[in-house]
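Architecture and fold: a report
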Amino acid sequence: MPEPTKKEENEVPAPAPPPEEPSKEKEAGTAPAKEPSKEKEAGTTPAKDEEEVSPPSALPPGLGSRALERKDSEWSIGESPAGEEQDKQNANSQLSILFVEKPQGGTVKVGENITFIAKVKAEDLLRKPTVKWFKGKWMDLASKAGKHLQLKETFERHSRVYTFEMQIIKAKENYAGNYRCEVTYKDKFDSCSFDLEVHESTGTTPNIDIRSAFKRSGEGQDDAGELDFSGLLKRREVKQQEEEPEVDVWELLKNAKPSEYEKIAFQYGITDLRGMLKRLKRMRREEKKSAAFAKILDPAYQVDKGGRVRFVVELADPKLEVKWYKNGQEIRPSTKYIFEHKGCQRILFINNCQMTDDSEYYVTAGDEKCSTELFVREPPIMVTKQLEDTTAYCGERVELECEVSEDDANVKWFKNGEEIIPGPKSRYRIRVEGKKHILIIEGATKADSAEYSVMTTGGQSSAKLSVDLKPLKILTPLTDQTVNLGKEICLKCEISENITGKWTKNGLPIQESDRLKVVHKGRIHKLVIANALTEDEGDYVFAPDAYNVTLPAKVHVIDPPKIILDGLDADNTVTVIAGNKLRLEIPISGEPPPKAIWSRADKAIMEGSGRIRAESYPDSSTLVIDVAERDDSGVYHINLKNEAGEAHAAIKIKVVDLPDPPVAPTVTEVGDDWCIMNWEPPAYDGGSPILGYFIERKKKQSSRWMRLNFDLCKETTFEPKKMIEGVAYEVRIFAVNAIGISKPSMPSRPFVPLAVTSPPTLLAVDSVTDTTVTMKWRPPDQIGAAGLDGYVLEYCFEGSDNWLPANKDLIDKTKFTITDLPTDSKIFVRVKAVNAAGASEPKYYSQPILVKEIIEPPKIRIPRHLKQTYIRRVGEAVNLVIPFQGKPRPELTWKKDGVEIDKNQINIRNSETDTIIFIRKAERSHSGKYDLQVKVDKFVETASIDIQIVDRPGPPQTVKIEDVWGENVALTWTPPKDDGNAAITGYTIQKADKKSMEWFTVIEHYHRTSATITELVIGNEYYFRVFSENMCGLSEDATMTKESAVIAKDGKIYKNPVYEDFDFSEAPMFTQPLVNTYAIAGYNATLNCSVRGNPKPKITWMKNKVAIVDDPRYRMFSNQGVCTLEIRKPSPYDGGTYCCKAVNDLGTVEIECKLEVKVIYQGVDTPGQPVFLEGQQQSLHNKDF
């Protein structure tokens, strides 16, 4: 067993498991464990005589570690729950609120089966109750069902009874003990306990063997995994064990499971288990056959400490030199190490073996060696001084002491057969002083009364511990007390022992709280109640724990009368609405109950049936006013009187009502969709301050009023908005106080929201002369419901603020000329829009205008499409507009190819800003270069336009057959004379059989003037012709070959070609992919693609990698390979990645696209980027955000 790594105050911790290979039994949940004895399970039940106490029973196979580990986590070793908790459980089991049949105790012989049955009535249960089976106090058998334990449950529908069975199969002696069955359902609980007795089939008692005690019961069998110490504790008088044959520890380790290494180490006194396991691992390696050794060393040897060991090897060649080594160091002959030769045998004797000789040895012969391990075994540890029976009082320190034969030996302690494992939460400590081993119990309790035992590798000892109570004396008894309400109550007593106790009041336990404190300091016990209440009056009793002694006392609480006004305002004012019933309940207190008298203005209010009356109750007095009136307001007095004193209070009652309606409001200002209104507060506020006002409006022709504010308006002015321009409205007011809303005011006088237009836009100078200025502008962006009556144009001279109207009457058009202006003067210009609401804000021209005609050099603006050759076909119309600039009006001159244009053939039209050349029916003669000259004063601007009139070309000039061979004919031809005024773009070649003379096209859009015609039919005679082609099309006529071409047979044997069947199968392939698409929310959207494949592929649509199946928002079509997915009225949540998947037997192909759904702007804030439809962009800019 490895030594502990640390010791504190000579306390020995529990032995640690070996570091090598974890125990399989531990992993399987069958670590060795002991079960509490029957005495511990029974709690406070009286124990039987020592002779009748059965040894601690072991658990059925597989029912060991987990239940006890859970117990150890909650209770320290040696502790048990308080007796009163056991009493509660016994009381609960006696109620039998759930059981209709309880399991009964039984007797069974070893190897036989037994069944326990419990039944629960299910008439009042909505679901199946929970049933648990326990062995002892803590071990839950639910997870231990197996070969030796089976749990079963059934339900009878007719009788509605649940039946639960526990069957023990092939019982063993250690299965005997106390069992418990618990049933729970919601807040209901029921339990019962029963005993199982197992009788031996034979009356013989086997001899006790310390080694067999440490062996796992049923080792290597189905019930392996239990440590059974009951054989040692059953008969204490057996001290000596029978001699056993010599045991080879190495053989045990080699044949044992890793989980048994620690047990073997403790049993045979192994101190270096880790080193032995390492050497054992090396020993298990396969030994190679040796040429030098006829017989090698044994794998391992063992010897007792102080004994002699003999190592023997046999050589194949006796001439070989032999050397012995210990841990790699050569061994020299000495009195300890003796060498001996006998023929081929080489022998090494080691005398007086000590623990330092425990190591690896090997012998070499030539280049070979063989090794072995020597194990020196310590003698067993014996108990030299036995434990002694001890008696102690509760609370004292108890020490149980024994001595063993060796210092610091490994010793195990047990309580009632259960191993004691000291720990931080345990009350048990173990102290080791050389050969002395002491078990220390701090603050002993009656639960510590038990049989304690100690065990070593060579012996064991046990003793009984009895813990009793000390005699109790009452030093200071409790005394009766009388206290005032609110004062502190202190009940104090003193007893001779420092023990706990319980306080009760009127026979019920007292629970501690913030107001009630239970104090225990040494032998003094106090019950302190702060702020005494009337319910604190009663009979109090203190009962010390574990003693049949009580200390009684009586407490009497008195209280003068009090009026409790906590529910009223700071000034004790009560507000009631007129017409409502007031029931004012004032809590009162006092002992004895006081008499209450209500009065108003020195006039008492009597109890009875009047409209204003008083009502009295034990803990309150009530003032009742059936129908409150405004005259009921005033101060009311309440007086209390009893034997302990008097109390008085004044309460103010205020009767309030709704306010009067305000006066009709006045509209002081009107805008396009708003107005400003004012009003006066109501004459009477109802006895409560006005909190605010509600405003409503309606159209004059309508009877439906609409609330304009949902939060109270605190002021007496308001600005209604969002009205329709040009519609007559009325408004009214409601006053609001704490009671409610008044009646509406009279409506205001009708008013119509109107607004002037926005200023005109794009004011610009159109033209200027020496005496006039012509201005132009655009209409206002916003006109409104009042419409637009006209415009007013005004001007003022530079340096003056006097604006003069340019027109006497309103102008309907957006262009006007200001006349009679002085030459060389400068003027500012502005324009206003006028409607029924008045004139708009003026639109100013940004800079002063000089009244003087300005020469503007000419400039021709050739359109982009005319900057290159302008091409038209013969017979089409030519209509060209060329804008220009220049002031005053320029002179224009047109020429064609440097010659004046004949106006009889070509029409020329000129204006102030452009010139037009028009040809009604173009001819090829109209082609040429047209020159335009624009002249203003001495400034000249020119521009040129190339016009090309094209027609279909003529046919090629000649077509010749150059050569004929096989199935081929070589043709040549010459280009046409007339190309139609356009470049020849190609030729079309046709052939005709001489017999039918039906023409068939052979080659189209051919660019060369020679070609080879192939795949002609042998034996036929052909003619050929050629068409010319330009941008206008093919020539009207074609040129044909004069001679024909005969395709001779030349003795060739024609064979019909053999055509193999074409394989039309094809893997799916998308011929038209999906494209990323934008959709408009609320409008159907479609995704299209095309696919081909044979056999016809199966089409699947997916959204975000999820297949679309049976979704009514989607429709899928497939027609002639065109696949369509229709999304009905999509929303932004329908956006994502869509995928079309095509599958057939030859493969699978997918294609994806992204769909984004955008929201149409509808005049309100919407999520996402707004999308404008036609006509909405302009309306958006016209709104003021």
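The rules behind these values
- Residues numbered from 1 in each chain as written.
- Predicted model: local features only at pLDDT ≥ 70, side-chain atom pairs only at ≥ 80, totals over all residues.
- Heavy atoms only, no water.
- Helix = DSSP H or I, 4+ residues; strand = E, 2+ residues; numbered from the N terminus.
- Buried < 20%, exposed > 50% of the residue type's maximum accessible area, 1.4 Å probe, protein only.
- Contact = heavy atoms within 4.5 Å.
- Areas by Shrake-Rupley, 256 points an atom, 1.4 Å probe, with all protein chains shown as cover.
- Salt bridge = Lys/Arg side-chain N within 4 Å of Asp/Glu carboxyl O.
- Phe/Tyr/Trp six-rings, centres within 6.5 Å; stacked < 30°, edge-to-face > 60°.
- Lys NZ or Arg CZ within 6 Å of the ring centre and 35° of its normal.
- Core = buried A, V, L, I, M, F, W, Y, C linked by side-chain atoms within 4.5 Å.
- Pairing = 2+ DSSP bridges.
- Axes fitted to C-alpha atoms, helices over the stretch in contact; angles between N-to-C directions.
- pLDDT = per-residue confidence, 0-100.
- Disulfide = S-S within 2.5 Å.
- Polar contact = N/O pair within 3.5 Å; in protein donor to acceptor, adjacent residues only side chain to side chain.

Right, let's talk about the overall build of the protein for a bit. A tally of regular secondary structure across the protein gives ten helices and 88 strands. Burial status across the protein gives 39% buried among its 1185 residues. The contacts of the protein with a sequence gap of at least 6 include a subset with a gap of at least 24, amounting to 64%. Working note: accessible area of the protein is about 67,500 Å², and carbon and sulfur atoms make up 48% of it.

Quick look at the pattern of salt bridges now. Between side chains of opposite charge, pairing is possible as soon as their charged atoms come close. Under the counting rule described, the total for this entry stands at 40 salt bridges. Two residues, Glu494 and Arg523, come together in a salt bridge whose shortest N-O distance is 3.8 Å. With Glu494 in strand β32 (residues 489-495) and Arg523 in the loop between β35 (516-521) and β36 (524-529), this pair connects stretches of sequence that are 29 residues apart. A salt bridge links Asp766 to Lys815, with the nearest nitrogen and oxygen atoms 3.0 Å apart. Taken together, the positions of Asp766 in strand β53 (residues 761-768) and Lys815 in strand β57 (residues 815-818) put the pair 49 residues apart, joining distant regions of the chain. Of the residues examined, Asp766 reaches a relative accessible area of 25% and is grouped as partly exposed. The network of salt bridges with common partners includes Lys581, Arg583, Arg613, Glu615 and Asp626.

Scanning the entire structure with this criterion turns up 19 aromatic pairs. Between Phe155 and Tyr162 the ring centres are 4.5 Å apart and the planes differ by 40°, which places this aromatic pair in the tilted class. Phe155 gets classed as partly exposed once you look at its relative accessible area, which sits at 30%. By relative accessible area, Tyr162 is classed as buried at 14%. With a centroid separation of 6.4 Å and 55° between ring planes, the pair formed by Tyr1114 and Tyr1138 is classed as tilted. With Tyr1114 in strand β85 (residues 1114-1119) and Tyr1138 in strand β87 (residues 1136-1144), this residue pair connects regions lying 24 residues apart in the sequence. Site record: aromatic cluster; members linked through ring pairs are Phe116, Trp133, Tyr179 and Phe194. Its guanidinium or amino end placed over the ring of Trp803, Arg830 lies 4.3 Å from that ring's centre, counting from NZ or CZ. The ring of Phe918 carries Arg909 above its face, with NZ or CZ at 5.6 Å from the centroid.

Another aspect to go through is the nonpolar core. Residues Trp133, Met166, Ile168 and Leu196 are the most contacted members of the largest nonpolar core, which totals 29 residues. Looking at this core, the elements with two or more residues in it are β3 (114-121), β4 (130-135), β7 (161-168), β8 (177-185) and β9 (188-199). Ranked by size, the runner-up nonpolar core spans 24 residues in total, among them Ile586, Ala596, Leu623 and Leu640.

Strands sit in the order β53-β54-β57 across an open sheet of three strands; the sheet is antiparallel. Among the strands making up the open sheet, the edge pair consists of β53 and β57. For this sheet, the mean inter-axis angle between neighbouring strands, taken without regard to orientation, is 25°. Bridge count between strand β54 (residues 773-778) and β57: four bridges; the pairing is antiparallel. Residue Met775 lies in a different strand from β57, and its bridge partner there is Phe816.

With that settled, consider the confidence of the model for the protein. Summing up the model confidence of the protein, the mean pLDDT is 80 and the portion of residues at 70 or higher is 83%. Looking across the protein, the model is least confident in helix α3 (residues 65-74), with a mean pLDDT of 33, and most confident in β87, with 95. Counted against residues more than four places away or in other chains, residues 1-95, with its pLDDT under 50, gives 185 contacts. Here residues 1162-1185 scores under 50 on pLDDT; set against residues more than four positions off or in separate chains, the count is 25 contacts.

Two elements, strand β65 (residues 891-896) and strand β69 (residues 928-936), share six bridges in a ladder whose sense is antiparallel. Pairing of Lys896 across the sheet is with Tyr930, part of β69. Pairing geometry for β69 and strand β70 (residues 939-950), over nine bridges, is antiparallel. Along β70, the bridge assignment pairs Tyr930 with Ile945. Between β69 and β70, which pair antiparallel one after the other, the connecting turn spans two residues, and Asp937 there sits at a positive phi close to 55°.

You can see Ala877 is positioned in the loop between β63 (870-873) and β64 (878-887). Between the alpha carbons of Ala877 and Arg920 there is a distance of 4.7 Å; along the sequence they are 43 residues apart. In this structure Ala877 touches Arg872, Ile919 and Arg920, once residues within four positions along its chain are discounted.

This next bit is on the state of the cysteines. Enumeration over the complete set of coordinates arrives at zero disulfides. Cys192 supplies the cysteine sulfur nearest to Cys181, a cysteine that is in no disulfide, at a spacing of 5.4 Å.

Taken in spatial order, the five strands line up as β39-β46-β45-β41-β42 in an open sheet, and their pairing is mixed. Two strands lie at the open edges of the sheet, namely β39 (573-577) and β42 (603-605), each paired on one side alone. Mean inter-strand twist for the sheet, computed between neighbouring axes without regard to direction, equals 35°.

In this section: the environment of Thr817. Checked against the element boundaries, Thr817 lands in strand β57. A sequence separation of 52 residues divides Thr817 from Val765, and the C-alpha atoms of the two residues are 9.9 Å apart. Of note is the side chain of Thr817, whose polar atom sits 2.9 Å from the side chain of Thr774.

Before going further, it helps to examine unusual backbone geometry. Residue Pro1095 is reached from Asn1094 by a cis peptide bond, and omega for that bond is 5°. One can find Pro1095 in the loop between β82 (1085-1094) and β83 (1098-1103). Of note, the phi angle at Lys722 is positive, near 60°, even though the residue is not glycine. Accessibility expressed as a relative area gives 72% for Lys722, which makes it exposed.

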